[in-house]
Amino acid sequence: MSLLIALRTINDEMRRKIKEISGQDISKCFQCGTCSASCPMEEHLQAPPRRIMTLIQFGQSEALDLLNTPWVCASCHNCMVRCPRGIDITRVMEAIRLLRLRQNINQVEPSNLQPEEVVDLPQIAMVSGFRKMTS
Ligand code: SF4
Ligand code: SF4
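Quick look at the structure, then. (Residues numbered from 1 in each chain as written. Chains lettered and ligands numbered in written order. Predicted model: local features only at pLDDT ≥ 70, side-chain atom pairs only at ≥ 80, totals over all residues. Heavy atoms only, no water.)

1. Describing the site of ligand 2
Stage number 1. Residues in contact with ligand 2, as listed here, are Cys39, Pro40, Met41, Pro49, Cys73, Ala74, Ser75, Cys76, His77, Asn78, Cys79 and Thr90.
Stage number 2. Class assignment for the residues of the shell around ligand 2 results in eight nonpolar, four polar and no charged. (Near = heavy atom within 4 Å. Nonpolar A, V, L, I, M, F, W, Y, C, P; charged D, E, K, R; others polar.)

Next up, the structure:
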């Protein structure tokens, strides 16, 4: 099997899994950018939601893995409410996170936190963050 065919197989699998987990048909996205314009976290994202949809459509899983967008997404549902194609982008972000965590790849490593840092962190936010970012 050539490298190109192998990569295509992996990327098709990523698309299939995101669709299966999120229940969303990403192929319906026509790149209007309404989701990006509606996102309150936009300035903190390495790529806006519209770009994330493009990467999924083109099966660019390697690029997707490098971006902070699914992890910074606050699950506020603004994008989902305004998407003219009715795509629940919040669920897509969740699916991307789950795919990563199922590989046992943590986004934060609790054991790396210093005790003096933990003391100053709001406990509920910290537990919530661990639930979202650790496998
Ligand atoms: S709002 Fe919907 S259709 Fe428009 S770019 Fe975002 S996901 Fe695609
Ligand atoms: S759910 Fe996430 S991506 Fe969508 S608008 Fe809110 S923060 Fe942005």
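Further notes follow.
2. Some points on the packing of helix α3 (residues 49-57) against helix α7 (residues 89-101)
Stage number 1. The N-to-C vectors of α3 and α7 enclose an angle of 60 degrees; their axes lie 11 Å apart at closest approach. Between α3 and α7, the crossing angle belongs to the class labelled oblique. Between α3 and α7 lies a crossing of left-handed hand. Contacts between α3 and α7 involve Pro49, Ile52, Met53 and Ile56 from the former and Ile89, Val92, Met93 and Ile96 from the latter.
Stage number 2. Across the contact of α3 with α7, the residue classes break down as eight nonpolar, no polar and no charged. (Axes fitted to C-alpha atoms, helices over the stretch in contact; angles between N-to-C directions. Helix = DSSP H or I, 4+ residues; strand = E, 2+ residues; numbered from the N terminus. Parallel < 35°, antiparallel > 145°, perpendicular 65-115°, else oblique. Left-handed = near helix turned anticlockwise from the far one by under 90°. Contact = heavy atoms within 4.5 Å.)

3. Points about the environment of Gly33
Stage number 1. Residue position: Gly33 is located in the loop between α1 (3-22) and α2 (34-38).
Stage number 2. Spatially, the C-alpha atoms of Gly33 and Arg50 are 5.5 Å apart, while their sequence positions differ by 17 residues.

4. What to know about the environment of Val127
Stage number 1. Its place among the elements puts Val127 in helix α9 (residues 123-133).
Stage number 2. Counting along the chain gives 45 residues from Val127 to Arg82, while the straight-line C-alpha distance between them is 30 Å.

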